[in-house]
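Descriptive analysis of the structure
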Amino acid sequence: MKQPIAVFWFRRDLRLDDNVGLFHALNSSIPVLPIFIFDTEILNKLPKRDARVNFIHDILQEMQNLLKSEYNRSLAIYSGQPIEIFEQLLSEYNIQSVYTNRDYEPYADERDSAIENLLSAHNCEFKTYKDQVIFEQNEVVKKDGNPYVVYTPYMRSWKAKFQDSDITYFDSKALLQNCIEDNDLVNLSLSDIGFEHSDQKIAHYSVTPQLIQEYEATRNFPALDATSKLGPHLRFGTVSIRQMVKKAIAEENEIFWQELIWREFFMQILWHFPYTKDRSFKAKYDRIEWRNNEEDFKKWCDGNTGYPLVDAGMRELNETGFMHNRVRMLVGSFLCKHLLIDWRWGEAYFAEKLHDYEMASNVGNWQWVAGSGVDAAPYFRIFNPTSQIQKFDKNHDYIKKWVPEYQELTYPQPMVDHKFARERCLTTYKAAVS
């Protein structure tokens, strides 16, 4: 008779400490097999030098090294379709239960339902926990039970609920000795999963007291290194959201805190309205007659629009996998409103390039700039890409870094006149939504 075990499945929670699902798994009465699956359903759509895959692999190896050196334990790393991996595991082990932390994206929901059905057929429990957010799903809703679709009332309700809550610390690290004793678990290299080392590196995050305190004053200026770079670390769970909220509260900075709440606002929107991943929240915006000119799209992608702040943002993205949030709003607005290119094209490009790509925020923000989403900018709000320079890069420091030739004859003329583009946008949008 095989020894009964539990499985803990790492996904968007790549840390050994303050990990809710891992804590509960290790607190069960049987040894735990920790696993990670490189999901080929996701990986097959990515470029072979994807920095995010590199990052995940590096983090897993750090976790592996710590487990081996300090606890004489290890982590099993697989690649394939999750359902097939679990069929394999069920044949190899006497699995009593599988623990994991919840994921709220549409694909993850479908995947987990299939896994739960498989496990159920083997009399195996599937136990899921809230870990990557403070509040999830229906925890912050209106009095009538309907979801909030405007940020400010959601934020106020979130804060009111938070005041009545305690942030629990889950000391999962103290229980790692409860992992199974097997150092011969499968551990795949980057090449084993069909990937190569990326030249891009995901930046370390910074949440120093000074950064948080100065956040409101500095966050809109892309030439300053004044953002936390937390995005990818929250996305992949290398940091605990509970610890980050604690830091924000300790510095009493409402703006930094509210950025973390925006993330949860968009997550609950996607969970309540999963169709928004590829359809407009406001259905009439799907009637817009986009131009969708492929040559124009390529100029935007390459940072050759003739508008220096737009081009700086796109070049920063292409070279580093990061783009400053203020500039993201401008380049998004420019694509949808100046070029009349469908927001879904921009969303897909960001999904491929951004290190901190996270579906809920990416879709939410793209629909915001297009005017088609919840709590969106009105369609007649069209950023002027030239006056934005005066507001946010007055000395051209950011532009000089990414578009050094912007004052030379080799730099292209603006690909479209702002006044013309604005009028064309207003006419096109009005015809669709009125």
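Up top you'll find the structure we're talking about.
Here we summarise the structure given alongside this text. The written sequence of each chain sets the order in which its residues are numbered from 1. Under the rules for a predicted model, residues below a pLDDT of 70 receive no local features and side-chain atom pairs below 80 are neither given nor counted, while totals for whole chains, interfaces and linings still include all residues. Side-chain figures throughout are based on the complete set of non-hydrogen atoms in the structure, without hydrogens or water.

Comments concerning the side chain of H57
To keep things clear, this is the line we draw: Here a helix means four or more residues in a row that DSSP labels H or I, a strand means two or more in a row labelled E, and each is numbered from the N terminus. We call two residues in contact when some of their heavy atoms are within 4.5 Å.
Along the polypeptide, H57 turns up in helix α3 (residues 51–71). Once you skip the residues sitting within four places of it in the chain, H57 turns out to touch F38, L188, S189 and L190.

Quick word on the packing of helix α14 (residues 325–338) against helix α16 (residues 359–370)
The condition is simple: To define axes, lines are fitted to C-alpha atoms, for helices over the stretch in contact only, and angles between the resulting N-to-C directions are given on a 0 to 180 degree scale. Angles below 35 degrees are treated as roughly parallel, those above 145 as roughly antiparallel, those between 65 and 115 as roughly perpendicular, and all remaining angles as oblique. By definition, any crossing whose near helix is turned counterclockwise from its far helix by less than a right angle is left-handed, and any crossing with a clockwise turn is right-handed.
Where α14 meets α16, the closest approach of the two axes is 8 Å, and the angle between their N-to-C directions is 55°. As far as their axial angle goes, α16 and α14 are oblique. At the point where α14 passes α16, the crossing takes the right-handed sense. Taken together, the residues of α16 that come into contact with α14 (itself represented by M329, G332, S333, L335, C336 and K337) are W366, W368, V369 and A370.

Observations concerning the nonpolar core
Generally speaking, a soluble globular protein has its nonpolar side chains buried in company with each other. Stated precisely, the cut-off is as follows: Side-chain atoms within 4.5 Å are what join buried Ala, Val, Leu, Ile, Met, Phe, Trp, Tyr and Cys residues into a set we call a nonpolar core. Only protein chains enter the accessibility calculation, which uses a 1.4 Å probe. A residue is then buried if its area is under 20% of the maximum for its type, exposed if over 50%, and partly exposed in between.
W158, F256, W300, F350 and Y429 are the most contacted members of the largest nonpolar core, which has 89 residues in total. Per-element accounting of this core gives the leading share, 10 residues, to helix α11 (residues 254–272). Not counting the four nearest positions on each side in its chain, F256 is found in contact with V207, L211, I212, Y215, S228, L230 and A248. One finds L43, I77, Y129 and L176 within the second-largest nonpolar core, a separate group that totals 35 residues.

Quick notes on the environment of I288
Note on placement: I288 falls in the loop between α11 and α12 (294–302). Judged by relative accessible area, I288 falls into the buried class, the value being 6%. Not counting the four nearest positions on each side in its chain, I288 is found in contact with T428, Y429 and A432.

Let's talk about the pattern of salt bridges
This is how it is decided: Here, a salt bridge means any side-chain nitrogen of Lys or Arg that lies within 4 Å of a carboxyl oxygen of Asp or Glu.
Per the counting criterion, the structure on display carries 25 salt bridges. Note that E125 and K127 form a salt bridge whose closest N and O atoms lie 3.7 Å from each other. According to the relative accessible area criterion, E125 is partly exposed, its value standing at 47%. For K127, a relative accessible area of 26% corresponds to the partly exposed category. The partner of K277 in a salt bridge is D278, and the shortest N-O contact between them spans 3.0 Å. Each of R12, D103, E105 and E358 takes part in salt bridges that share partners, so that together they form one network.

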